[in-house]
Amino acid sequence: MESIYKNWNEAAEAWLRRMADTASNSPKDRHMFDPIEIYFRQWIMRVTQGDLADGDIDLAVDVLFRAGVTAMQFLASEDRFSLTDMHELLCRKQHDYGHDNINSFGIIGICIRLCDKIARIQNLKNRDTEGMNESLQDSYMDIIGYATVACMYHDGSFQLKLKGDIQ
């Protein structure tokens, strides 16, 4: 499938902008992660049992996108979000990780990683403490990153080269 984007950077920026538009035009719900985490735990169980139906991957990507919107809303409400900084972070991480880590496990791997981040946030909030190894802000940014990568993986643009890597 040919991408409408010229490079990885452009695709990431487009998906981040879509997420930001959705975040600014939809209701904010501090408990939105609860149903997202429950959905993915059940979804992953169905995947391991080989019980996926047509459209399940599309729905999972929609839920991943919603998780990114929710994380973006939270950071924006605390004045701790910059679209430019997020885009630069994603591009730097893509430079370091490359394609193989995501290509190895696809949407399923992204869902598991996202559930880990949500569980971390909930644990720290329940304990009313900050993280010892990374901040809560970092976890929210990781969720936005995973959501963006999931959308890119799903539309095929994740496979593009980074702008700086194009020869």
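Structure first, text after, so check above.
Residue numbers restart at each chain and count upward from 1, following the sequence in its written direction. Local features in a predicted model are, by the rule used here, given only for residues with pLDDT of at least 70; side-chain atom pairs are given and counted only at 80 or more, and totals for whole chains, interfaces and linings are based on all residues. Side-chain metrics rest on all non-hydrogen atoms present in the structure, leaving aside hydrogens and water.

## Some thoughts on the overall build of the protein chain
Consideration 1: Secondary structure elements are defined from DSSP: runs of H or I of at least 4 residues count as helices, runs of E of at least 2 residues count as strands, and each element is numbered from the N terminus. Summing up its helical and strand segments, the protein chain has six helices and zero strands in all.
Consideration 2: Taken from N to C terminus, the helices and strands of the protein chain fall in the order α-α-α-α-α-α.
Consideration 3: The C-alpha extent of the protein chain, read off along each of the three principal axes, is 50 × 40 × 35 Å.
Consideration 4: Per-residue accessibility, obtained with a 1.4 Å probe over protein chains only, is compared with the maximum for each type, and a residue is labelled buried under 20%, exposed over 50%, and partly exposed between these values. A buried classification covers 44% of the 167 residues belonging to the protein chain.
Consideration 5: Considering only residue pairs separated by 6 or more positions, the protein chain has 80% of its internal contacts joining residues 24 or more positions apart.
Consideration 6: Computed over 18 positive and 26 negative side-chain charges, the separation of the two mean positions in the protein chain equals 3 Å. Here, residues are in contact when the closest pair of their heavy atoms is within 4.5 Å. Counted as positive: Lys and Arg. Counted as negative: Asp and Glu. His and the chain ends are not counted at all. For charged residues, the charge sits on one atom: NZ in Lys, CZ in Arg, CG in Asp, CD in Glu.

## Things to note about helix α4 (residues 83-97)
Consideration 1: Helix span, as expected, comes to 1.5 Å for every residue beyond the first. In this model, α4 (15 residues) spans 21 Å end to end at C-alpha, consistent with the 21 Å of a helix rising 1.5 Å per residue.
Consideration 2: Those residues of α4 not exposed but buried are M86, H87, L89, L90, C91 and Q94.
Consideration 3: Downstream of α4 by one or two residues, G98 has phi in the positive range, about 75 degrees.

## Notes on the packing of helix α3 (residues 56-77) against helix α6 (residues 136-155)
Consideration 1: Only C-alpha atoms enter the line fits that serve as axes; for helices the fit covers just the stretch in contact. Angles between N-to-C directions range over 0 to 180 degrees. Across the interface, α3 lies against α6 with an axial gap of 8 Å and an inter-helix angle of 150 degrees. Every pair of crossing elements has a handedness; the one defined by α3 and α6 is left-handed. Of the residues in α6, those in contact with I57, D58, V61, L64, F65, A67, G68, A71, M72, F74 and L75 of α3 are Q137, Y140, M141, I143, I144, A147, A150, C151 and H154. Should the near helix be turned anticlockwise from the far one by less than a right angle, the crossing is left-handed, and should it be turned clockwise, the crossing is right-handed.

## Overview of unusual backbone geometry
Consideration 1: For D79, which is not a glycine, the phi torsion comes out positive at approximately 60 degrees.
Consideration 2: Among the secondary structure elements, D79 is positioned in the loop between α3 and α4.
Consideration 3: What makes D79 exposed here is its relative accessible area of 75%.
Consideration 4: Located in the positive-phi region is D128, a residue other than glycine, with phi close to 55 degrees.
Consideration 5: Of note, D128 is situated in the loop between α5 (100-127) and α6.

## So, helix α2 (residues 33-48)
Consideration 1: Across its 16 residues, α2 extends 22 Å between first and last C-alpha, which sits within 8% of the 22 Å expected from 1.5 Å per residue.
Consideration 2: If you check which residues of α2 are buried, you get F33, I36, E37, Y39, F40, W43, I44 and V47. The buried residues of α2 occupy an angular sector of 160 degrees when the element is viewed end-on, so they sit on one face.
Consideration 3: Looking at the packing, one finds that the buried side of α2 touches α3, α5 and α6.
Consideration 4: Of the residues one or two after α2, G50 is the one with positive phi, at around 70 degrees. By construction, the arc corresponds to the directions joining the helix axis to the C-beta atoms.

## Overview of the environment of G131
Consideration 1: Structurally, the position occupied by G131 is in the loop between α5 and α6.
Consideration 2: Put simply, G131 and I121 are ten residues apart on the chain and 8.7 Å apart in space, counted from C-alpha to C-alpha.
Consideration 3: When sequence neighbours within four positions are dropped, the list of residues in contact with G131 reads R120 and L124.

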